[in-house]
Amino acid sequence: PILPYGNILVSGYIVMLTYAILKYRLLEINLAITRTGIFLAVYTLVLGIPFAVAFFLKNYLIGIFDLNWWMVPLALMAALATAGPYIYIYLQRKAEDRLLKEQKRYQDVLKQAAIGMTRVRNLRKLLDLTVHIITKIVRISYASVYLHNRETDEYVLQVGRGDKKAYLPIIASNTTLIAWLTANHQPLVYEEIKRKVQDPADATLKDLEQLMYSLGASVIIPSFLEDTLLGFLVLGHKLSGNIYTPDDLNVFSVLASQAALAIENAQVYEEAKEMQEQIAQAEKMATIGTMADGLSHQINNRFYALSLIAGDTLDTLKMTDTAACPDHIKETFSQVNHALERIQANVLQGGQVVRGILKYTRKGEEGLEALSLDQVLDGTLDMLQYKIKLSEIDIVRDYPKETPKLRGNLVQLQEAFFNFIDNAYDSTVERKKALNEDNYRAAIHIRAQAEDSVLRIELQDNGMGIKEEDIKKIFTPFFTTKVSSRKGTGLGLYVINKIITDTHKGKIRFQSTYKHGTRFTVELPVAE
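Presented here is an overview of the structure given in this document. Predicted model, so just to flag it, every value in this text is computed and none were measured.

Some remarks on the pairing of strand β12 (residues 507-513)
Side chains Ile-508, Phe-510 and Ser-512 project from β12 onto a buried face, and the interleaved Lys-507, Arg-509, Gln-511 and Thr-513 project onto a face without burial. Bridge analysis of β12 against strand β13 (residues 517-525) gives seven bridges, and the strand direction is antiparallel. Looking at β13, one finds that Thr-513 is bridged to Gly-517.

What about the packing of helix α7 (residues 176-184) against helix α9 (residues 203-215)?
In contact at an axis separation of 9 Å, α7 and α9 are set at 105° when each is read in the N-to-C sense. As far as their axial angle goes, α9 and α7 are roughly perpendicular. The segment α7 lies against α9, with Thr-176, Leu-177 and Trp-180 engaging Thr-204, Asp-207, Leu-208, Leu-211 and Leu-215. For the contact of α7 with α9, the class distribution of residues is five nonpolar, two polar and one charged.

Looking at the nonpolar core
Formed by 40 residues in total, the largest nonpolar core has its most connected members in Leu-373, Leu-406, Phe-417, Phe-420 and Ile-457. Considering every element that reaches this core, the biggest residue donor is helix α14 (residues 410-435), with nine residues. In contact with Ile-457, not counting residues within four places along its chain, are Leu-373, Leu-406, Phe-417, Ile-446, Arg-447, Ala-448, Phe-520, Thr-521, Val-522 and Leu-524. By size, the runner-up hydrophobic cluster in this structure holds 26 residues, among which are Leu-127, Leu-235, Tyr-244 and Ala-256.

Considerations on α9
Because an α-helix completes one turn every 3.6 residues, residues spaced three or four positions apart along the sequence face the same direction. With 13 residues, α9 extends 18 Å from end C-alpha to end C-alpha; this agrees with the ideal 18 Å at 1.5 Å per step. Residue Gly-216 follows α9 closely and has a positive phi angle near 65°.

Remarks on the packing of aromatic side chains
Per the counting criterion, the structure on display carries nine aromatic pairs. One aromatic cluster is present, built from ring pairs that chain together Phe-417, Phe-420, Phe-510 and Phe-520. Residue placement shows Lys-238 over the ring face of Tyr-244; its charged tip is 5.2 Å from the ring centre.

With respect to the pattern of salt bridges
Within the structure shown, the criterion is met by 12 salt bridges. The partner of Lys-389 in a salt bridge is Glu-392, with the nearest N and O atoms 3.9 Å apart. On the basis of relative accessible area, Lys-389 is assigned to the exposed category, the value being 51%. A relative accessible area of 35% places Glu-392 in the partly exposed class. With a closest N to O distance of 2.8 Å, Glu-437 and Arg-431 form a salt bridge. Among the ionic contacts, a cluster of salt bridges with common partners joins Glu-451, Arg-456, Arg-509 and Glu-523.

What to know about the packing of helix α13 (residues 373-384) against α14
Close contact between α13 and α14 brings their axes to 9 Å; oriented N to C, the two are set at 60°. For the element pair α13 / α14, the angle class is oblique. Between α13 and α14 lies a crossing whose hand is right-handed. Contacts between α13 and α14 involve Leu-373, Gln-375, Val-376, Leu-377, Gly-379, Thr-380, Leu-381, Met-383 and Leu-384 from the former and Leu-410, Leu-413, Gln-414, Phe-417, Phe-418, Ile-421 and Asp-422 from the latter. For the contact of α13 with α14, the residue count by class is 11 nonpolar, four polar and one charged.

Concerning α13
In this model, α13 (12 residues) spans 16 Å end to end at C-alpha, consistent with the 16 Å of a helix rising 1.5 Å per residue. The set of residues buried in α13 consists of Leu-373, Val-376, Leu-377, Gly-379, Thr-380, Leu-381, Met-383 and Leu-384.

A few points about the sheet that holds strand β10 (residues 442-451)
Strands sit in the order β8-β10-β11-β13-β12 across an open sheet of five strands; the sheet is mixed. At either end of the open sheet lies a strand with only one pairing partner, and these are β8 (393-398) and β12. In this sheet, neighbouring strand axes are inclined to one another by 15° on average, regardless of whether the strands run parallel or antiparallel. Here β8 pairs with β10 via six bridges, running parallel. Pairing of Val-396 across the sheet is with His-445, part of β10. Sheet strands in contact with α13 are β8, β10 and β11 (454-461), and its direction is about 165° off that of β8.

Considerations on unusual backbone geometry
The phi torsion at Asp-452 lies on the positive side, around 55°, for a residue other than glycine. When its relative accessible area of 85% is taken as the criterion, Asp-452 is described as exposed. Of note, the phi angle at Lys-505 is positive, near 55°, even though the residue is not glycine. Looking at the element boundaries, Lys-505 is found in the loop between α15 (492-503) and β12.

A closer look at the sheet that holds strand β2 (residues 154-162)
The six strands lie next to each other as β3-β2-β1-β6-β5-β4, forming an open sheet whose pairing is antiparallel. Looking at the sheet topology across the chains shown, the edges are occupied by β3 (170-172) and β4 (188-189). With two bridges connecting them, β4 and strand β5 (residues 219-225) associate as antiparallel partners. In the strand pairing of β5, Leu-188 is matched with Ile-220. The strands touched by α7 are β2, β3, β4, β5 and β6 (228-235); relative to β6, the strand with the most contacts, the crossing angle is about 110°.

Focus: a nonpolar patch on the surface
Among the surface-exposed residues, Phe-55, Phe-56, Leu-57, Tyr-60, Ile-64 and Phe-65 lie close enough to one another that they form a single nonpolar patch of about 730 Å² accessible area. Elements represented by at least two residues in the nonpolar patch include exactly α2 (29-56) and α3 (58-65). It is α3 that provides the largest number of residues to the nonpolar patch, a total of three residues. Looking at Tyr-60, the relative accessible area reads 55%, which means it is exposed.

A short note on the side chain of Thr-380
Its place among the elements puts Thr-380 in helix α13. Of the residues examined, Thr-380 reaches a relative accessible area of 1% and is grouped as buried. A polar side-chain atom of Thr-380 sits 2.8 Å from the main-chain carbonyl oxygen of Val-376. Apart from residues lying up to four places away in sequence, Thr-380 is in contact with Gln-414, Phe-417, Phe-418 and Ile-421.

Quick notes on the rules
Residues numbered from 1 in each chain as written. Predicted model: local features only at pLDDT ≥ 70, side-chain atom pairs only at ≥ 80, totals over all residues. Heavy atoms only, no water. Buried < 20%, exposed > 50% of the residue type's maximum accessible area, 1.4 Å probe, protein only. Helix = DSSP H or I, 4+ residues; strand = E, 2+ residues; numbered from the N terminus. Pairing = 2+ DSSP bridges. Axes fitted to C-alpha atoms, helices over the stretch in contact; angles between N-to-C directions. Parallel < 35°, antiparallel > 145°, perpendicular 65-115°, else oblique. Contact = heavy atoms within 4.5 Å. Nonpolar A, V, L, I, M, F, W, Y, C, P; charged D, E, K, R; others polar. Core = buried A, V, L, I, M, F, W, Y, C linked by side-chain atoms within 4.5 Å. Expected span 1.5 Å × (residues − 1). Phe/Tyr/Trp six-rings, centres within 6.5 Å; stacked < 30°, edge-to-face > 60°. Lys NZ or Arg CZ within 6 Å of the ring centre and 35° of its normal. Salt bridge = Lys/Arg side-chain N within 4 Å of Asp/Glu carboxyl O. Left-handed = near helix turned anticlockwise from the far one by under 90°. Patch = residues over 30% accessible without salt bridge, like charges linked within 9 Å, V, L, I, M, F, W, Y side chains within 5 Å. Areas by Shrake-Rupley, 256 points an atom, 1.4 Å probe, with all protein chains shown as cover. Polar contact = N/O pair within 3.5 Å; in protein donor to acceptor, adjacent residues only side chain to side chain.

In structure tokens:
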């Protein structure tokens, strides 16, 4: 204490608190002062009016009520005390509506937008609409949306809008930010994190502060679907300079929750649409298969006609005496003769292609028969040569000639091995493009060994392999990992599984290492 003034340093607390309020925006000072003013005004009237009546109107009230005059100011006090809270609430709401008019306006718009989000089916349109509404209505400098990519287990920037020039396109799932959002399920405010980063030993908060600074984020709003962090919304500062109030954060949290549901619906809708297209494509291919007999007949008729025309013309040329003709005429005859021979050769090859297609599309005879593995593979490669470049891949048959015959349906097994080798080829093409390895040569090793009553066949490729998260889905209908222009329907391995396990009562399993290759093991019954 400093006599006679006392401890004047206590006033420093008031200065510090005022500085904190203004510097760090601990509360809306205008709103706080208004609420305090309304409270003082209302309760001054509630308490002041009865005392004023008792002081100024005492003689008048005695003349009317005699000794019971005091009951009038008491009753007035009771009535005003009862009405006081309602008057305070009413005036406070009016004052807040006036002071927070802009804030309440955009909060109402955001609530309406949250309700309407689930009606949008196009994911890209939904995300664009979200950031457009936020930046325009709330007047935020920058907004972006990150969504989780299940294949890479990363959070990828989907859309951004505003004045921020540099983006972080990808945020890994093992970062501090993702861990914090997943654990806390609540918005992350940059100013709060910045204030807390005073202890240098707290590396978590420092990482959060640096990452939010890199993102240009004043607030990050997580978007959860149950307990899964589907994505998050990054918001820059308000152009008005105002802070994000608790009401703002609540509204944005509701918006994020609705957005998560809308995004999930849009993704399911797009996946269903893609699956429907795949089904339609599969049906189209099945229809072509049923037309194979008629088409092959028509094509063979054309080939037969071409063969007859070429043959008759060749016979005519052979019977024509060109001994007296000039040399250039003889040269012309020779070229025409060579061209006609090439036509005949191509007609024969075309007929073989048609027969191969017809053989592949036919269901085949019912029942199973004794088949050699070479017999199955020879027919498979005859068809594959018209789809893939067999010269670009080494297909090594690494099994003894005396390998026992298996019991199966030739057409169905050829279809299964066709898909095996076709998928392996596509995988090697992907690896060649993605890894760009020196001296890489695509190869498929086919091994076979009889054990007890089954023939175990292994098909091992050195292609790109399958990602760990895709392994469980590999036999699912319409799921495909192909990335080339020949992207498949996703039915190949599903059909293989049905052929091996259902029709032939065999087994199929596989092992795959991403960027190294895949090995399928098929067990089929040995022919008795």
